[in-house]
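Notes for the structure review
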Amino acid sequence: MISAPSLHSARAIYEQASDVLGYDMTKLSHESPDDQISLTRYTQPVLLTHYIACLTVWRELAATPITPVMAASHNLGEYSALVAAERPQLRRCPEAGLSPRRN
């Protein structure tokens, strides 16, 4: 079972992404109003936010600290790999993967 603090951390990631992007990432991710989530300009930030939230919870639940030694990815996954390696912080991702895009 996932602990309440871990859920709080995941919510905090979604709130931070919402602040950066200017729209409700939680609502978009879980309710997909008008199928917005299928548009690339929303899909990529949703995927990156979800990955970062999952990574955050995973690290909190791990019995020992987890530090990746290697990651491979393509396109948006590059940003996820960099976040896993603790290079850019979420707030620095707008220029990377958390910026509104046009289809």
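Preceding this section is the structure that the text describes.
The following refers to the structure shown.

Calculation criteria
Residues numbered from 1 in each chain as written. Predicted model: local features only at pLDDT ≥ 70, side-chain atom pairs only at ≥ 80, totals over all residues. Heavy atoms only, no water. Helix = DSSP H or I, 4+ residues; strand = E, 2+ residues; numbered from the N terminus. Contact = heavy atoms within 4.5 Å. Areas by Shrake-Rupley, 256 points an atom, 1.4 Å probe, with all protein chains shown as cover. Polar contact = N/O pair within 3.5 Å; in protein donor to acceptor, adjacent residues only side chain to side chain. Core = buried A, V, L, I, M, F, W, Y, C linked by side-chain atoms within 4.5 Å. Buried < 20%, exposed > 50% of the residue type's maximum accessible area, 1.4 Å probe, protein only. Expected span 1.5 Å × (residues − 1).

The next point concerns the overall build of the protein. Along its length, the protein carries four helices and zero strands. Starting at the N terminus, the α and β elements of the protein follow one another as α-α-α-α. Pairs at least 24 residues apart make up 65% of the contacts formed inside the protein by residues separated by at least 6 positions. When the accessible surface of the protein is totalled, it reaches about 6800 Å², and 55% of it is carbon and sulfur.

Next up on the list: the environment of Ser29. Within the secondary structure, Ser29 is located in helix 2 (residues 25-31). As a C-alpha pair, Ser29 and Thr49 span 20 residues in sequence and 9.3 Å in three-dimensional space. The residues contacting Ser29, other than those within four sequence positions of it, are Tyr14, Ile37 and Val46. In this structure the side chain of Ser29 is engaged in a polar contact, spanning 2.8 Å, whose partner is the backbone oxygen of Met25.

In terms of nonpolar packing, the biggest core is built from 17 residues, with Tyr23, Met25, Leu28, Ile52 and Ala53 touching the most fellow members. Where this core is concerned, the elements lending two or more residues are helix 1 (4-21), helix 2, helix 3 (40-61) and helix 4 (76-84). In contact with Tyr23, other than residues within four places in its own chain, are Ser18, Leu28, Arg41, Tyr42 and Pro45.

Moving on, we come to helix 3. Given a rise of 1.5 Å per residue, 22 residues ought to cover 32 Å, and the 31 Å separating the end C-alpha atoms of helix 3 matches this to within 8%. Within helix 3, the full set of buried residues consists of Tyr42, Gln44, Pro45, Val46, Leu48, Thr49, Ile52, Ala53, Leu55 and Val57.

In this section: the side chain of Ser9. Within the secondary structure layout, Ser9 lies in helix 1. Judged by relative accessible area, which is 14%, Ser9 ranks as buried. Beyond its immediate sequence surroundings of up to four residues, Ser9 is in contact with Thr56 and Glu60.

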